[in-house]
Amino acid sequence: MKPILLLSMLFTSLLFVSCGDNTTTSPLHDISSIKINETNVSIYSTDTGKTLSATVFYDDNTSAQEATNLTWSSSDSTILYAYTNSIYPTKNGGDVTVTARYVGKFPSTIPVHVKELLSLTYSGDINVSDTSNPQTLMVYGNFENNETNVTMQGNITWSSDANMTISESNSSQVTFTIHSVPTTLTAHLFVNTSNYVDFNKNF
């Protein structure tokens, strides 16, 4: 019985190998180039970031969207830095070149402009005599080239002196209660960098 069992197992193994040899796999094609899909990119210095993408072109004239095997870099990290497939601005406006590479090869570049923040504008009817009720201010950014009243997206936190209590805040508005005047509300921008900026509003 043992020789018969051994022959049966051998036959079964050969059958699996034979089936494996008949398996068809897709042919691999060489990469000829890659291209960043976005063009004419600009971003506000207060934006939270922007995601980029790229297309990989193959030598058989086919293409595919690619994200996992790309590395991204910026020509000047003091203006903008790249991480995975996203770019993040700093407080400094200016022009940079962003490069994507596929496994370190086939570089593709695009220019990116970071719009510098110059000042903040506040809007809202604030009654400095009202020391009991919360009041809300909206905040907007004024950028280079006379671009004004842009809704803030990020990179901002708030604080006040002891004469005011902040109850709620985000990138575009702040709610507070005035206890007495004079008092100062401070918007801290780019607090995670070495070049943070404070904008004060006095009441």
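Residues numbered from 1 in each chain as written. Predicted model: local features only at pLDDT ≥ 70, side-chain atom pairs only at ≥ 80, totals over all residues. Heavy atoms only, no water.

Enquirer: Could you give an account of the overall build of the chain, with specific residues and numbers?
Expert: Counting its secondary structure elements, the chain contains one helix and 18 strands. In the chain, the proportion of contacts linking residues at least 24 apart, taken out of those at least 6 apart, comes to 50%. Surface accessibility of the chain: about 12200 Å² in total, with carbon and sulfur atoms responsible for 51%. (Helix = DSSP H or I, 4+ residues; strand = E, 2+ residues; numbered from the N terminus. Contact = heavy atoms within 4.5 Å. Areas by Shrake-Rupley, 256 points an atom, 1.4 Å probe, with all protein chains shown as cover.)

Enquirer: Which residues make up the sheet that holds strand S14 (residues 156–160), and what are the values?
Expert: Pairing in this open sheet of three strands is antiparallel, and the strands run S14-S17-S18 from one edge to the other. Edge positions in the open sheet fall to S14 and strand S18 (197–202), since each of these has one partner strand only. In this sheet, neighbouring strand axes are inclined to one another by 20° on average, regardless of whether the strands run parallel or antiparallel. Pairing geometry for S14 and strand S17 (residues 184–189), over five bridges, is antiparallel. (Pairing = 2+ DSSP bridges. Axes fitted to C-alpha atoms, helices over the stretch in contact; angles between N-to-C directions.)

Enquirer: Provide a residue-level description of the side chain of aspartate 47, including the pertinent values.
Expert: Inspection of the secondary structure puts aspartate 47 in the loop between strand S2 (41–44) and strand S3 (50–51). Despite its burial, aspartate 47 pairs with no opposite charge; the closest candidate is lysine 115, at 7.9 Å N-O. Beyond its immediate stretch of four places on either side in the chain, aspartate 47 contacts Pro89, Gln153 and Asn155. (Buried < 20%, exposed > 50% of the residue type's maximum accessible area, 1.4 Å probe, protein only. Lys, Arg positive; Asp, Glu negative; His and termini not counted. Salt bridge = Lys/Arg side-chain N within 4 Å of Asp/Glu carboxyl O.)

Enquirer: Break down the nonpolar core for me, citing the residues and quoting the values.
Expert: Among the nonpolar cores identified, the biggest contains 21 residues, and Leu120, Tyr122, Trp158, Phe176, Leu185, Ala187 and Leu189 are the most heavily contacted of them. Looking at this core, the elements that each hand over two or more residues are strand S11 (117–123), strand S12 (135–143), S14, strand S16 (173–178) and S17. Beyond its immediate stretch of four places on either side in the chain, alanine 187 contacts Leu120, Tyr122, Ile156, Thr157, Trp158, Val197, Asp198 and Phe199. Of all hydrophobic cores here, the second largest spans 20 residues; its members include Ile43, Trp72, Ile79 and Val112. (Core = buried A, V, L, I, M, F, W, Y, C linked by side-chain atoms within 4.5 Å.)

Enquirer: Now, about the pattern of salt bridges: what can you tell me, with residues and values included?
Expert: Tallying each qualifying case throughout the model produces one salt bridge. Between lysine 115 and glutamate 147 there is a salt bridge; the shortest N-O distance is 3.3 Å. You can see lysine 115 sitting in strand S10 (residues 105–115) and its partner glutamate 147 sitting in strand S13 (residues 147–151), a full 32 residues away along the chain.

Enquirer: Explain the packing of aromatic side chains to me, using residue names and the numbers behind them.
Expert: Scanning the model with the defined rule gives four aromatic pairs in all. A centroid spacing of 4.6 Å and a plane angle of 50° characterise the contact between tyrosine 44 and phenylalanine 143, whose relative ring orientation is tilted. Here tyrosine 44 is found in strand S2, whereas its partner phenylalanine 143 is found in strand S12, with 99 residues between them in sequence. Each member of the pair, tyrosine 44 as well as phenylalanine 143, is classed as buried. Measuring from ring centre to ring centre gives 5.7 Å for phenylalanine 176 and phenylalanine 203, while their planes differ by 50°; the resulting arrangement is tilted. Of this pair, phenylalanine 176 sits in strand S16 while phenylalanine 203 sits in the segment after S18, and the two are 27 residues apart along the sequence. Its relative accessible area of 0% is what places phenylalanine 176 among the buried residues. (Phe/Tyr/Trp six-rings, centres within 6.5 Å; stacked < 30°, edge-to-face > 60°.)

Enquirer: Describe the environment of serine 132, with residues and values.
Expert: Tracing the backbone shows serine 132 in the loop between S11 and S12. In this structure, the C-alpha to C-alpha distance between serine 132 and isoleucine 178, residues 46 residues apart in sequence, is 7.4 Å.

Enquirer: Outline the environment of asparagine 69, supporting the account with residue identities and numerical values.
Expert: Within the secondary structure layout, asparagine 69 lies in the loop between strand S5 (63–66) and strand S6 (70–74). Residue asparagine 69 is classed as partly exposed on the basis of its relative accessible area, which comes to 35%. Along the backbone, asparagine 69 and valine 103 are 34 residues apart, and their C-alpha atoms lie at a distance of 5.9 Å. Excluding residues that lie within four positions of it along the chain, asparagine 69 makes contacts with Arg101, Tyr102 and Val103.

Enquirer: So, the sheet that holds S10: which residues are in play, and what are the values?
Expert: Pairing is mixed across the open sheet formed by four strands, whose spatial order is S2-S10-S9-S6. Taken across any chain shown, the strands that pair with only one partner, and hence form the sheet edges, are S2 and S6. For this sheet, the mean inter-axis angle between neighbouring strands, taken without regard to orientation, is 30°.

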